[in-house]
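Architecture at a glance
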Amino acid sequence: MAGDRVDRGEALLMEWAAWLRGSGERAGYSSMSPLHVDWSPPSPGTTPTMRTVRGTASSGPAVHRAVLAMSIRAQQTLLLHYVLRRTDEAAAAELGCGASTVRARLMAARRAVVQAVS
């Protein structure tokens with residue numbers, strides 16, 4: 001159950017990031033990292049395509065309100081991770097904290113977003 005909330009929170013925050021960048025639906029935020037074990041490059045002679053996370057028109061503003069209700073530290077962490085696409089380590093360096101702190105903030109934010117939007 002807790003894992004479902006985190007997964008839902010991850011999806012909502014990815015949609016929020018696409019909405020915030022003004023990209024709208026199918027914003028190009030990859031649904032699978034090229035570092036994932038199931039990822040493979042396109043076959044020779046085919047046109048590469050990238051599956052993207054599909055946004056909904058209503059989730060962006062609702063998630064944005066939930067993010068604005070969070071602490072400044074949480075907001076900065078979410079901005080660096082989802083909008084600017086920084087790694088946990090890069091975000092930690094910019095925020096002046098440890099990568100484990102960034103991961104803990106992201107986990108708490110995902111749960112808070114699901115609770116706020118539900």
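About the criteria used
Residues numbered from 1 in each chain as written. Predicted model: local features only at pLDDT ≥ 70, side-chain atom pairs only at ≥ 80, totals over all residues. Heavy atoms only, no water. Helix = DSSP H or I, 4+ residues; strand = E, 2+ residues; numbered from the N terminus. Contact = heavy atoms within 4.5 Å. Areas by Shrake-Rupley, 256 points an atom, 1.4 Å probe, with all protein chains shown as cover. Polar contact = N/O pair within 3.5 Å; in protein donor to acceptor, adjacent residues only side chain to side chain. Buried < 20%, exposed > 50% of the residue type's maximum accessible area, 1.4 Å probe, protein only.

1. Overview of the overall build of the protein chain
Secondary structure assignment for the protein chain yields 5 helices and 0 strands. What you see in the protein chain, going N to C, is helices and strands ordered as α-α-α-α-α. A sequence separation of at least 24 residues applies to 64% of the contacts in the protein chain between residues at least 6 apart. Counting every atom, the protein chain has about 7,300 Å² of accessible surface; 56% of that belongs to carbon and sulfur.

2. Quick notes on the side chain of Arg110
Examined against the element boundaries, Arg110 turns out to sit in helix H5 (residues 99-117). Engagement of the side chain of Arg110 in a polar contact is seen with the side chain of Glu10, the distance being 2.8 Å.

3. Side note on the environment of Trp16
The topology assignment puts Trp16 in helix H1 (residues 2-20). Residue Trp16 is classed as buried on the basis of its relative accessible area of 2%. Along the chain, Trp16 and Val67 lie 51 residues apart, while their C-alpha atoms are 9.5 Å from each other. Setting aside chain neighbours within four positions, we find Trp16 in contact with Gly60, Val63, His64, Val67, Leu78, Leu79, Tyr82 and Val83.

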